[in-house]
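Results of the structural survey
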Amino acid sequence: MTIKALRTLLAIHRHGSFAAAGKAVGLTPSAVSLQIGGLEQRLNVRLFERGGRTPRLTASGHLAITRAQEILRLY
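Counting starts from 1 at the beginning of each chain's written sequence and moves along it residue by residue. For a predicted model such as this one, the threshold for reporting local features is a pLDDT of at least 70, and the threshold for listing and counting side-chain atom pairs is 80 or more; totals across whole chains, interfaces and linings nevertheless cover every residue. Side-chain metrics rest on all non-hydrogen atoms present in the structure, leaving aside hydrogens and water.

For helices the rule is a DSSP run of H or I covering at least 4 residues; for strands it is a run of E covering at least 2, with both sets numbered from the N terminus onward. By definition here, a helix of n residues has an expected span of 1.5 Å times n minus one. Taking 1.5 Å of rise per residue, 15 residues should cover 21 Å, and helix α3 (residues 29-43) covers 21 Å from first to last C-alpha, within 8% of that figure. Residue contacts are defined here by distance: any two heavy atoms, one from each residue, within 4.5 Å place the two residues in contact. In this fold, the buried residues of α3 make contact with α1 (3-15), α2 (18-25) and β1 (48-49). One or two residues past the end of α3 sits N44, with phi positive at roughly 60°.

Put into structure tokens, the structure is as follows:
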């Protein structure tokens, strides 16, 4: 887990899509997806429901957002 991945997670939450988050953090949508996939694998949880046009946070995703905000504030 990297600071960059946590920033990307928060950008998705803030901007509402992988594409918009990518623009905000300087990554392609595929790179955003790979980062989140790696984060999900590392944490062994699903952070987003990806069924529709916009990703929706799971319960684990909401918890991860809170923790990511705390970690980045401390960083």
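It is worth spelling out the nonpolar core at this point. Only buried Ala, Val, Leu, Ile, Met, Phe, Trp, Tyr and Cys residues count toward a nonpolar core, and they belong to the same one when joined by side-chain atoms within 4.5 Å. A 1.4 Å probe rolled over the protein chains alone gives each residue an accessible area, and that area as a share of the maximum for its type sets the label: buried under 20%, exposed over 50%, partly exposed in between. With 19 residues, the main nonpolar core has L9, I12, I36 and F48 as its most contacted residues. Taken together, the elements giving at least two residues each to this core come down to α1, α2, α3 and α4 (59-74). A total of six residues in this core trace back to one element, the largest contributor, which is α1.

Take the environment of S60 next. Tracing the backbone through its elements, the reader meets S60 in helix α4. Of the residues examined, S60 reaches a relative accessible area of 31% and is grouped as partly exposed. Here S60 is in contact with V45, R46 and L47, once residues within four sequence places are set aside.

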